[in-house]
Amino acid sequence: MCGIVGYIGTKKAVPVLINGLLSLEYRGYDSAGIAVLENDLIKVVKDKGRVKNLQDNPEIDKILGNIGIAHTRWATHGEPSKVNSHPHLDNSGKFSVVHNGIIENYSILRQKLIDNGYKLLSETDTEVIPNLIHMNYNGNILEAVSKTVKELEGSFAIEVISPLHPDEIIIVKKDSPLVVGVGENENYIASDIPAILAYTSNFYFVGENEIGVIKDDSITFYDVNLNEIKKELKSIEWDAVSSEKNGYEDFMLKEIYEQPKAVRETIGQRMSSDKVKLGLDDVDFSKFNRMYIVACGTAMHAGLASKYAFEKFCKIPTEIDMASEFRYRDPLIDNQTLCIFISQSGETADTIAALKLAKEKGATTIAVVNVIDSSITRVADHTIYTHAGPEIAVASTKAYTCQVVLLNILAANIAELLGNTSDELNDFKQSILALPDKLKEVLDTDEIMKSYAEKNYMKKDLFFVGRGADYAVSLEGSLKLKEISYIHSDAYASGELKHGPIALIEKDTPIIGCATNPSIAAKTISNLEEAISRGGNALLVTNQEIHNDKISDIVTIPDIHPMLSPVLSVVPLQLFAYHIAKFKKLDVDKPRNLAKSVTVE
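One structure accompanies this document, and this report is about it. Note that the structure is a prediction, hence the values are computed from the model and not measured.

Looking at helix H13 (residues 446–456)
- When H13 is considered as a whole, its buried residues turn out to be Asp 446, Met 449, Tyr 452, Ala 453 and Asn 456. Buried residues of H13, seen end-on, are gathered within an arc of 130° and therefore sit on one face of the element. Of the residues in H13, the exposed ones pointing more than 90 degrees away from the buried face are Glu 447 and Lys 455.
- Lining the buried residues of H13 we find helix H6 (251–257), strand E23 (510–515), strand E24 (537–542), strand E25 (553–556) and helix H16 (565–583).

Structural notes on helix H15 (residues 521–532)
- With 12 residues, H15 extends 16 Å from end C-alpha to end C-alpha; this agrees with the ideal 16 Å at 1.5 Å per step.
- Of the surrounding secondary structure, the elements contacted by the buried residues of H15 are strand E21 (461–466), E23 and E24.

Regarding the pairing of E21
- Most of E21 sits inside the fold, with five of its six residues counted as buried.
- Where E21 meets strand E22 (residues 488–493), six bridges bridge the pair, whose relative direction is parallel. Looking at E22, one finds that Phe 463 is bridged to Asp 490.
- For the handedness criterion, the β-α-β arrangement of E21, helix H14 (residues 469–485) and E22 is classed as right-handed.
- In this structure, E21 lies alongside E23, joined through four bridges in parallel fashion. The residue of E23 that forms the bridge with Phe 464 is Ile 512.

Overview of the sheet that holds strand E8 (residues 165–174)
- Overall, antiparallel pairing links the seven strands, which are arranged E5-E6-E7-E8-E12-E13-E14 in an open sheet. Strands with a single pairing partner mark the edges of an open sheet, and in this sheet they are strand E5 (88–89) and strand E14 (228–229).
- Judged from the eight bridges that link them, strand E6 (residues 96–103) and strand E7 (residues 154–162) form a sheet pairing that is antiparallel. Across the sheet, the residue bridging to Ile 103 is Gly 154, located in E7.
- Those strands touched by helix H4 (residues 128–136) are E5, E6 and E7, and its axis lies near 120° from that of E6.

Considerations on the environment of Ile 69
- Position of Ile 69 among the secondary structure elements: in strand E4 (residues 67–73).
- Classification of Ile 69 by relative accessible area gives buried; the value is 0%.

Focus on the state of the cysteines
- Applying the stated criterion across every chain yields a total of zero disulfides.
- Unpaired in terms of disulfides, Cys 296 finds its nearest cysteine sulfur in Cys 339, a separation of 14 Å.
- Between Cys 402, a cysteine without a disulfide, and Cys 514, which holds the nearest cysteine sulfur, the sulfur-to-sulfur distance is 19 Å.
- Residue Cys 402 is classed as buried on the basis of its relative accessible area, which comes to 0%.

Section: the pattern of salt bridges
- Applying the stated criterion across every chain, the model contains 27 salt bridges.
- Between Lys 480 and Glu 476 there is a salt bridge, and its shortest N-O distance comes to 2.7 Å. Of the two residues, Lys 480 and Glu 476 both sit in helix H14, four residues apart, roughly one turn of that helix. As far as burial versus exposure is concerned, Lys 480 and Glu 476 are alike and both buried.
- The shortest N-O distance in the salt bridge between Asp 508 and Lys 507 comes to 4.0 Å.
- Classification of Lys 507 as exposed rests on a relative accessible area of 68%.

Calculation rules
- Residues numbered from 1 in each chain as written.
- Predicted model: local features only at pLDDT ≥ 70, side-chain atom pairs only at ≥ 80, totals over all residues.
- Heavy atoms only, no water.
- Buried < 20%, exposed > 50% of the residue type's maximum accessible area, 1.4 Å probe, protein only.
- Helix = DSSP H or I, 4+ residues; strand = E, 2+ residues; numbered from the N terminus.
- Arc of directions from axis to C-beta.
- Contact = heavy atoms within 4.5 Å.
- Expected span 1.5 Å × (residues − 1).
- Pairing = 2+ DSSP bridges.
- Right-handed = clockwise from strand over helix to strand, strands pointing away.
- Axes fitted to C-alpha atoms, helices over the stretch in contact; angles between N-to-C directions.
- Disulfide = S-S within 2.5 Å.
- Salt bridge = Lys/Arg side-chain N within 4 Å of Asp/Glu carboxyl O.

And the structure:
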C-alpha cells in the first residue's frame, strides 16, 4: 500500500524522488521521506503527513546527491509519526531502507537484534531490516541482503542504499509490487509505473524473491541464492499525459469521463458480432461444475454484477466471495472448479493468497487485471486484461466498469465455447458492443446528480437499494459514497428493506434506488414507496418509463440488456459521490485512511 521510488544517475536525485512520490499519492499514505547518498553520508528527510511537508522543508534543497530512495507510508505497525516514517537507518547509520509490505515475524527478529545489542527507535516492523543487513554484513552488501531476506517472513518490496557501496541501490521483492525503469546512464525504481513514467517507458518487472543491483549504467538480477537471472525488458504504451488531469479538476472526475474510451478499448478486437476471442480456446470449460469469482471491494462488486451472465449463458453455478474470507473457510475446490480472480492492480494481497489456495486445490484459475505483469498474472493459469489505463484516484471508477465489461465478455466467450448459439446470447453480445456510445449518454446525468448532491451533502445517512444486478450497483454506489464523502450509507436488496432496515427511515432520509430490469423494476419501485411513506426522499436511476409522482427525482439512462445495466447505472452514482465530496470540500482523489493498492492483509 505504501509507495516506493528510487533514482540513480547523473541528475540531482531529490526532484526525481519528490515527483515520484507525488505521482504515488493516490496509493494512500500518512507520512513520507527520502534518503540520499552524499559525501559518504546518508541524508534523510522525513515527516508525518503529505509529501508537501518534504517539499517545504528547508533542508531538502541542500541535498545534492544523485542516488536516493523515497517512500510514502501507510501505517501498519506504529502510529503515523516522524520516527515511524521511512526511510529507516541501522544503528551505525551505514544502511538505509524503505519497505512496502509487512514483516510478520518482526517481533522475533526485533528481539534477536536487541539481544545482540541493537537499539530500535521506532515501532515499525521495517526497522529490523537495515539492522539485520548490518548484522549480516561482511563487506558484501548483496550477500548481506540475501541473508537478511531469508530471515524475513511476510511481504516486502525493499530498497537499500549505503555509503559503503556508493554507486548502487539494492532492491528485493516478495509479494509487493516493484518495477525498474531503464534510462540512459540512469535508472529508476518504483512500486508503480506512473511514478516514473515521465522518465522512461522501458521497464523490468521484478519477480518473486528476486534481488536487483541497480547502477547508473547497469542492472543485474539474482535469485535469493544469488544466482544471476536474465529478465526481459518490456515497453509500456501508457504516456505520461494519461497520468495527468488534462483540465479536469480531479483525477476521479477525469476517470469517470474516460469510461467510454476505457470500455471501448477493453472490448477492442476481442468481440465482433459473431465471435468472442480471449485466447482461452484451449480451456475445456465443459469440465467445470462450479465457479467462484473472488475479489475485494469494488472488484468484488464487479464480480457480483457479472454473476448473472455466467449462470444464464454458461449454466455454471457461480459464487461470489470476498478474497479476505475465501481462504479461511476451506472452500470446496477441485479440478472441476473454475476460479476467477479480479484485481485492478494485480497486487491485492488477499486476492493473491486466495488464488494460490485455489491452485493448490487443483482449480483452473483466470485473473482479470488492469496492470501488465503484476504479481497476480504470474500465479494465475490465464490472464485477461482490462484496458482502463492508469487509474490514479483511490476510489475506482473506470477500472470497475471495465471489469464488469470484461467479465461479461468472458461469460459470452465461455458460452460460445460450450456451444451456446442462442439468439439471446447474440443480442447480449450486440449490447456489449453498444456500451461505449451509451456510456457517453449517461455522462449527461452529471448536472442532475450534482443538483441532487447539493440537496443531500449534509445528510448523515443514505440508503441504496436494488434487485439482482441493480443490487450489485447499489453496493458499489454505497461504497463510493463512503470512500470519498465519509457519509454513512448502506446498500440493501430492495426486497430486504422491510425486513429491518426500514426502521431507520425517517423524515427526508435519502434513498437511492436502481431499477433497470423490466421484469422486476416495478417491485423495486414498490419498495421505494414503502420507504417514501415513512418519510424517505427517493431518487431512482432507471431505464424504464416510470410515472410515479411519489419519487421526487428520476434519472433516466439508456436502455441496455439487463445484465449489462450495471455498466451504465453505476455512472450516476459515481457522479453523486463525487459531487457530495466536492460540496463537503474533501480531497476526492486521496480519501483518508485508504490506499489504491492494498498489498497487506
